[in-house]
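Read off the chains here:
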Amino acid sequence: AWNARLDVFGLFQYLDHLKQPDQFIAEAAQRAHALAIILDDVNEPPAVQHFTGWPETAIETLAKRHGFQVHSDFDAIRASGNHLYLLVRDQNTKTA
């Protein structure tokens, strides 16, 4: 059985600063039932300090790789220039 320590692990404009985001998400996925990721809107040019930009398809691929489903229909946050992705455990995927 999977023993998570947190209900939700939140990231605010952090994932796009990492050189190895997949490894970071793998570790976070072992510690939480859900991940809340807030990123800059990918339709804007990325800030110079960011290693990556994250279109929704990339978030979906990352989520699937780690046993999550993506919910991204949070329109209220978009006015801030950010995008919220809520990754929740995919009930059809077994986790280690």
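Sequence order as written defines residue numbering, which begins from 1 separately in each chain. For a predicted model such as this one, the threshold for reporting local features is a pLDDT of at least 70, and the threshold for listing and counting side-chain atom pairs is 80 or more; totals across whole chains, interfaces and linings nevertheless cover every residue. Hydrogens and water are ignored here; the side-chain numbers use all heavy atoms of the structure.

## Observations concerning the pairing of strand β1 (residues 6-12)
- Strand pairing is assigned whenever DSSP identifies at least 2 bridges connecting the two strands. Under the scheme used here, helices are H or I runs from DSSP no shorter than 4 residues and strands are E runs no shorter than 2 residues, and both carry numbers assigned from the N terminus. In the sheet, β1 pairs with strand β2 (residues 32-40) via 6 bridges, with the strands oriented parallel. When the bridges of β2 are listed, F12 appears paired with I38.
- The parallel pair β1 and β2 is bridged by helix α1 (residues 21-29), and the resulting crossover is right-handed. Throughout, right-handed denotes a crossover for which the path from the first strand over the helix to the second runs clockwise when the strands point away from the viewer.

## Details of the packing of aromatic side chains
- In this analysis, rings of Phe, Tyr and Trp, with Trp reduced to its six-membered ring, are considered paired at centre separations within 6.5 Å, and the interplanar angle assigns stacked below 30 degrees, edge-to-face beyond 60, and tilted for intermediate values. Counted under the stated rule, the structure contains 2 aromatic pairs.
- What links up through ring pairs into an aromatic cluster is the set F9, Y14 and F24.
- Throughout this description, the term charge over a ring refers to an Arg CZ or Lys NZ atom that lies within 6 Å of the ring centre and within 35 degrees of the ring normal. Its guanidinium or amino end placed over the ring of F68, R89 lies 4.2 Å from that ring's centre, counting from NZ or CZ.

## Some thoughts on the sheet that holds strand β3 (residues 68-71)
- Spatially, the 4 strands line up as an open sheet ordered β1-β2-β4-β3, and their pairing is mixed. Two strands close off the open sheet at either side, each with one partner strand: β1 and β3. On average, each strand axis in the sheet is inclined to that of its neighbour by 20°, with strand direction left out of account.
- As judged from the 4 bridges shared by β3 and strand β4 (residues 82-89), these two strands associate in the antiparallel manner. Across the sheet, residue H71 finds its bridge partner in β4, namely L86.
- Packed onto the sheet, α1 meets β1, β2, β3 and β4 and runs at close to 145° relative to β2. Interaxial angles span 0 to 180 degrees and are taken between N-to-C directions of axes, which are lines fitted to C-alpha atoms, for helices over the stretch in contact. Whether two residues are in contact is decided by their heavy atoms: any pair within 4.5 Å suffices.

## Quick notes on the nonpolar core
- Counting residues in each nonpolar core, the largest one holds 17 residues, and the members touching the most others are L15, I25, L35, I37, L39, I59 and L87.
- Secondary-structure elements contributing two or more residues to this core are α1, β2, α2 (56-65) and β4.
- Here this core gets 4 residues from one element, more than from any other, and that element is β2. In plain words, nonpolar cores are sets of buried Ala, Val, Leu, Ile, Met, Phe, Trp, Tyr and Cys residues tied together by side-chain atoms within 4.5 Å. In this scheme, a residue with accessible area under 20% of its type's maximum is buried, one over 50% is exposed, and one in between is partly exposed, where area comes from a 1.4 Å probe on protein chains only.

## A word on α1
- All of the buried residues in α1 are P21, I25, A28 and A29. For α1, the buried positions fall inside an angular range of 100° around the axis, keeping them on one side.
- In the core, the buried residues of α1 are packed alongside β1, β2, α2, β3 and β4. The directions from the helix axis to the C-beta atoms form the arc being described.

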